[in-house]
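Architecture and fold: a report
Chain by chain, the residues:
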Protein chains: 2
Amino acid sequence: MIRVGINGYGTIGKRVADAVRAQPDMEVCGVGKVRPDYVAVNAAEAGYPLYAIDGEYAAQFHEAAIEVAGTVDELVAESDVMIDATPAGIGAENRPLYERHDTPALFQGGEDATVAEVSFNSRANFEEAADADYARVVSCNTTGLSRLVAPLSETCGIEKVRATLVRRGGDPDQTSRGPINDVLPDPVTIPSHHGPDVQTVFPELSVETIGLTVPTTMMHVHAVNVTLESEPDDEAEIRDLLAAEDRILLIPGYANMDGTGALKDMALDAGRPRGDIWENAVWEESVTLSGRDLYCLQAIHQESDVVPENVDAVRALTGHLSGAESRALTNETLGIGFERFQTRREQAADRTAAD
Amino acid sequence: MIRVGINGYGTIGKRVADAVRAQPDMEVCGVGKVRPDYVAVNAAEAGYPLYAIDGEYAAQFHEAAIEVAGTVDELVAESDVMIDATPAGIGAENRPLYERHDTPALFQGGEDATVAEVSFNSRANFEEAADADYARVVSCNTTGLSRLVAPLSETCGIEKVRATLVRRGGDPDQTSRGPINDVLPDPVTIPSHHGPDVQTVFPELSVETIGLTVPTTMMHVHAVNVTLESEPDDEAEIRDLLAAEDRILLIPGYANMDGTGALKDMALDAGRPRGDIWENAVWEESVTLSGRDLYCLQAIHQESDVVPENVDAVRALTGHLSGAESRALTNETLGIGFERFQTRREQAADRTAAD
């Protein structure tokens, strides 16, 4: 049983905690939390021991009638692996703390790649983290692009990836982020930093990206072009290739999921915790071939797509399961894959063939 | 066991179906659904028999590999009570169908009040629906105002209610509604129709409202002024009065739920199905007295606050439980009331008193 401590219990940390708890080979030692807000109340209700940064913050918890189990330093001491889910930049500041306790740790994609020996995506490079003490789970956008790149690269070869990332402005609870009525070139310089970040996972890949930020909170949307090395027979070959990926959802045309709002609504209907969409959501109708140029549109849930990647990364660091074994276990325990649409996709194809 | 049919399986219908299914004295016969979209797929996965309007639509379901149990007409024939959750205006068109089968029915607040004998709010006028065959569960906004009015009216008496309703533009899945960058006087005439709608529940109440629509999808927010007949001792008396209401959540100041986004995020964290907030969410710090003038701000989840009201209304029509019994049963089975905040509210008050 791997004892996992989670430092930082915000958008990512609280989801990772629930995902770790669902694993048969892991347990949550506790979570590090700065303030006694509603997120802390819900952590306490969920039964996670709460660790405060120091005595001053602990007093605030006391006033709000939320019990504290100790300090973050104590949490690190008790954990086999730490998952750092603190805000971007804080993870690097925390690394000496994990080193002092000789505790392996995961960092998130908001950190610079230099924070760890390896930048991690479970589908693409699980095995590279096997000998590492520190790994960085790449960002939501890089995770989304890596999942798309991996099968295309293996099957057809990739000459070049060009992607426009239309990014959400903030998460639903972030009331002071923007823009509220603008489309921001973000960054205005081209290519954006996202391409080089994908190269931390695929060092040989030719990839250039453009970033924009828009006034939404639900999901990012990527407009992707992949120039393949070899031309597929037809679009159906690519659609089937993507449909076979366990962390890609092909959105069927009949289902009327015309935007990210409907996608989130569907996930809530399906009983997903927090309405999370751990998979890349690729609109099947957008998958288009023009010679060797492949195009598609995919939505990426910035709050949750890295969650299964963090779970797999814990196993990569500890080394007791292979990548395929870990992904299968993570997928099964969390319920990844909208089988309801995949099954009907096949049935509907059969009915069409029978007509 | 009351056999409940649900005609219209959209934002309200799908939530009402799940709520009815959770009741020990009710079962869902099936749901009427027009198109084989993702909502239909999820209904099928949830095990609800699907009833199509007619054969033409049934063919579309077949192509999408979704099974259909029959027609809506057959659903009405099999049901003891119908809940009509079709879009505004369609309910009135459906009433002859329910009459033909001699089946009691509930309508939603989008219908004109004349669609039914009584306009229903469980807290305010449960007993008035006892002899009715047809009742209209009032709208989300009217439900929210009625829950606030009832305890204040009973305790202090109300001279007049003035409220500004800042309404969301559409639900998260409604991609073609607006405004996307405007604040609409909606309607521009004052008072808005909401006040008269509250009077369908409280015929003697003096109430005037102003309506606006803004570019959000999460919740409505009401800025409320109630001129009381008798002056309370202090704000604490009113806060305690509201805290004691089972369908009102007093949002504590320490918890940092500073907007509707954080409220929804909290509800998702708490494991609420679809992140639903069935209660009025009143910011405790906003509850302010100026002589006999009471002010407060409350958020109303347009997708779900009428759901427990529909459940109670089924029992009001069939008459086998009292209002208090029905509300207690509905609250318990759905998990209404964020006890985690209420408990800590009391504990924190005790700690402050002890210091």
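Per an unreviewed UniProt entry, the recorded name for chain A is Glyceraldehyde-3-phosphate dehydrogenase, and the organism is Natronoglomus mannanivorans. The record held by UniProt for chain A lists under Pathway (unreviewed entry) the comment "Carbohydrate degradation; glycolysis; pyruvate from D-glyceraldehyde 3-phosphate: step 1/5."

What follows concerns the sheet that holds strand β8 (residues 134–137) of chain A. All names here are of chain A. Here eight strands make up an open sheet; going across it, the order is β4-β3-β2-β1-β5-β6-β8-β7 and the pairing parallel. The open sheet is flanked by β4 (70–71) and β7 (118–120), the only strands paired with a single partner. In this structure, strand β2 (residues 26–32) lies alongside strand β3 (residues 50–52), joined through two bridges in parallel fashion. Pairing of V31 across the sheet is with L50, part of β3.

Now for the interface of chain A and chain B. Listed as interface residues are 40 residues of chain A and, on the opposing side, 40 residues of chain B. Interface area for chain A against chain B, summed over the two sides, is near 3,700 Å², with a carbon-plus-sulfur share of 50%. Area buried by chain A at its contact with chain B is led by Y38, R344 and R351 of chain A, which between them contribute 18% of it. If you look at where chain A meets chain B, you find eight salt bridges.

A few words now on a negative patch on the surface. A grouping of E231, D233, D234 and E237 of chain A is seen on the molecular surface, where their side chains present a negatively charged patch. In this fold, D233 of chain A is placed in the loop between β12 (220–228) and α9 (235–243).

Glancing now at the relation of the copies chain A and chain B. Relative to chain B, chain A is turned by 180° and slid 0.0 Å along the rotation axis, the superposed coordinates differing by an RMSD of 0.0 Å. Classification of the inter-copy transformation places it as that of a two-fold axis.

What follows covers the side chain of N225 of chain A. On the secondary structure map, N225 of chain A appears in strand β12. For N225 of chain A, the contacting residues outside a window of four places in its chain are K160, V161, R162, D293, L294 and Y295 of chain A.

We now examine the UniProt feature "binding site: D-glyceraldehyde 3-phosphate" (unreviewed entry) in chain A. Residues and elements named next belong to chain A. According to UniProt, the feature "binding site: D-glyceraldehyde 3-phosphate" (unreviewed entry) maps to S139, C140, N141, H194 and G195 in the numbering used here. Taking the farthest pair of C-alpha atoms as the criterion, the annotated set spanning 57 residues converges on one region, since that pair is 13.1 Å apart. With respect to the helices and strands, the residue N141 is situated in helix α7 (residues 140–155). When residues no more than four places from it in sequence are discounted, the contact partners of N141 are L165, R167, H194, H220 and H222. As for its position among the elements, H194 is in helix α8 (residues 194–199). Take H194: its relative accessible area is 4%, and that puts it in the buried class.

Now for the UniProt feature "binding site: NAD(+)" (unreviewed entry) in chain A. All names here are of chain A. Those residues carrying the UniProt feature "binding site: NAD(+)" (unreviewed entry) are T11, I12, G110, R168 and Q302 in this numbering. Tracing the backbone shows T11 in helix α1 (residues 11–21). Those residues within four positions of T11 in sequence are excluded, and the remaining contacts are D171, D173 and E303. Every residue in contact with R168, bar those within four places of it in the chain, is listed here: R177, T213, V214, T216, T217, M218, M219, H220 and Q302.

It is worth spelling out the side chain of R247 of chain B at this point. All names here are of chain B. Mapped onto the elements, R247 comes out in the loop between α9 (235–243) and β13 (248–251). In this structure R247 comes out as buried when scored by relative accessible area, which is 4%. Filtering out sequence-adjacent residues up to four positions away, R247 remains in contact with S122, R147, E279, N280, P308, E309, D312, R327, T330, N331 and I336.

On to the pairing of strand β14 (residues 280–283) of chain B. Residues and elements named next belong to chain B. What you see with β14 is no split at all: N280 and V282 on one side and A281 and W283 on the other are buried throughout. Direction of pairing for β13 relative to β14: parallel, over a ladder of four bridges. Across the sheet, residue I248 finds its bridge partner in β14, namely N280. Following the backbone out of β13, through helix α10 (residues 260–269) and into the adjacent parallel β14, one traces a crossover that is right-handed.

All names here are of chain A. Domain assignment breaks chain A into domain 1 (2–138 + 306–334) and domain 2 (140–305 + 338–352). For domain 1 versus domain 2, the distance between C-alpha centres works out to 26 Å. The partner domain 2 presents 24 residues to the 24 residues of domain 1 that form the contact. Taking both sides of the interface into account, the surface hidden between domain 1 and domain 2 amounts to around 2,000 Å²; carbon and sulfur atoms contribute 43%. There are nine salt bridges connecting domain 1 and domain 2. Among the salt bridges present, the one from D18 reaches R274, with a minimum N-O distance of 2.8 Å. Across the contact surface, domain 1 and domain 2 share 16 residue pairs in polar contact (both at pLDDT 80 or more). Looking at the side of domain 1 that touches domain 2, the elements that each hand over two or more residues are α1, α6 (122–125), α11 (307–318) and α12 (323–334). Ranked by residues supplied to the side of domain 1 that touches domain 2, first place goes to α1 with five residues.

Procedures and definitions
Residues numbered from 1 in each chain as written. Chains lettered and ligands numbered in written order. Predicted model: local features only at pLDDT ≥ 70, side-chain atom pairs only at ≥ 80, totals over all residues. Heavy atoms only, no water. UniProt positions renumbered as here; feature names shortened; annotations may be inferred. Pairing = 2+ DSSP bridges. Helix = DSSP H or I, 4+ residues; strand = E, 2+ residues; numbered from the N terminus. Contact = heavy atoms within 4.5 Å. Buried area = accessible area lost by both parts, 1.4 Å probe. Salt bridge = Lys/Arg side-chain N within 4 Å of Asp/Glu carboxyl O. Patch = residues over 30% accessible without salt bridge, like charges linked within 9 Å, V, L, I, M, F, W, Y side chains within 5 Å. Areas by Shrake-Rupley, 256 points an atom, 1.4 Å probe, with all protein chains shown as cover. Lys, Arg positive; Asp, Glu negative; His and termini not counted. Charge placed at Lys NZ, Arg CZ, Asp CG, Glu CD. Least-squares fit on C-alpha atoms with pLDDT ≥ 70 in both. Buried < 20%, exposed > 50% of the residue type's maximum accessible area, 1.4 Å probe, protein only. Right-handed = clockwise from strand over helix to strand, strands pointing away. Domains from an automatic or database assignment. Polar contact = N/O pair within 3.5 Å; in protein donor to acceptor, adjacent residues only side chain to side chain.

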